[in-house]
Amino acid sequence: MKITNGWPAVPGPNRLYSTEEINWFCAENQDWIDEWKAALKFIPPITDEQYLVYGEDCLWNQPIRTEYMQTALQISDEEDGSVVLLNPKIIHNYEWEAWLLINGRAGIFRCHCFQEMIQTMGMQSPWL
């Protein structure tokens, strides 16, 4: 964000917001949060050991804690039912956990941080 202040055409699923456009996910998509909570209300809580698993073995449909959606920061526009979020509740090396949340397919892709997400998804950026 310090370098680019948004990306008009990320080589991936979404356009990243400028600092003026960033907003809390709940302010933009409370309906998504409500849908996820309703869909997952009968699933037992996820342990930290289950939640904090990252890597190629669990790229999609990773465990999710819907309560984190309430405090997530939306840093992209919505495209094809997906958004990029930063989760301030999980911090790795001073960076917020990054999510690609896909509402229609109820999928999630989580990484330790945004840079890892860009690299894992094969997006090429001259700044990373």
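Residues numbered from 1 in each chain as written. Predicted model: local features only at pLDDT ≥ 70, side-chain atom pairs only at ≥ 80, totals over all residues. Heavy atoms only, no water.

Working note: regular strand, side chains alternate between the two faces of the sheet. Burial analysis of strand β5 (residues 107–111) places five of its five residues in the buried class, which makes it a mostly covered element. Residues of β5 alternate between two faces, with Gly 107, Phe 109 and Cys 111 on one and Ile 108 and Arg 110 on the opposite face, all of them buried. Pairing of strand β4 (residues 95–102) with β5 involves five bridges; the strand directions are antiparallel. Bridge pairing in β5 links Ala 98 to Cys 111. (Buried < 20%, exposed > 50% of the residue type's maximum accessible area, 1.4 Å probe, protein only. Helix = DSSP H or I, 4+ residues; strand = E, 2+ residues; numbered from the N terminus. Pairing = 2+ DSSP bridges.)

We now examine the nonpolar core. Membership of the largest hydrophobic core comes to 16 residues, with the highest contact counts inside it found for Phe 25, Ile 64, Met 69, Leu 85, Trp 99 and Leu 101. Those elements that provide at least two residues to this core are α1 (25–40), β3 (82–92) and β4. Sorting elements by how many residues they give to this core places α1 first, with four residues. Counting residues in each nonpolar core, the second largest holds 13 residues, with Ala 98, Ile 102, Phe 109 and Ile 118 among its members. (Core = buried A, V, L, I, M, F, W, Y, C linked by side-chain atoms within 4.5 Å.)

With that out of the way, let us pick up the sheet that holds β4. The five strands lie next to each other as β1-β2-β3-β4-β5, forming an open sheet whose pairing is antiparallel. On the outer flanks of this sheet lie β1 (23–24) and β5, each paired with one strand and no other. Of the pairings in the sheet, the one linking β3 to β4 comprises eight bridges and is antiparallel in character. When the bridges of β4 are listed, His 92 appears paired with Glu 95.

Attention now goes to the pattern of salt bridges. The full count for this structure, using the stated rule, is four salt bridges. Note that Asp 77 and Arg 15 form a salt bridge whose closest N and O atoms lie 3.6 Å from each other. A residue pair is termed long-range when its members are at least 10 positions apart, and Asp 77 in the loop between β2 (73–74) and β3 and Arg 15 in the segment before β1 qualify at 62 residues. The partly exposed category is assigned to Arg 15, whose relative accessible area is 27%. Between Arg 65 and Asp 48 there is a salt bridge, with the nearest N and O atoms lying 2.8 Å from each other. Linking Arg 65 in the loop between α2 (48–51) and β2 with Asp 48 in helix α2, this pair joins segments that are 17 residues apart in sequence. Salt bridges linked by common partners bring Arg 15, Glu 21 and Asp 77 together as one network. (Salt bridge = Lys/Arg side-chain N within 4 Å of Asp/Glu carboxyl O.)

Summarising burial for β4: six of the eight residues are buried, a large majority. Between β3 and the antiparallel strand that follows it, β4, lie two residues; Asn 93 among them carries a positive phi value of about 50°.

As a further point, take the packing of aromatic side chains. Enumeration over the complete set of coordinates arrives at two aromatic pairs. Note on Phe 25 and Trp 32: the rings are 5.8 Å apart at their centroids and 75° apart in plane angle, and the pair reads as edge-to-face. Consider the rings of Tyr 51 and Tyr 68, whose centres lie 5.5 Å apart with planes at 90°: the pair is edge-to-face. Here Tyr 51, found in helix α2, pairs with Tyr 68, found in the loop between α2 and β2; they are 17 residues apart in sequence, far enough to count as distant. Here the basic side chain of Arg 110 rests over the ring of Tyr 51, its NZ or CZ set 3.9 Å away from the ring centre. (Phe/Tyr/Trp six-rings, centres within 6.5 Å; stacked < 30°, edge-to-face > 60°. Lys NZ or Arg CZ within 6 Å of the ring centre and 35° of its normal.)

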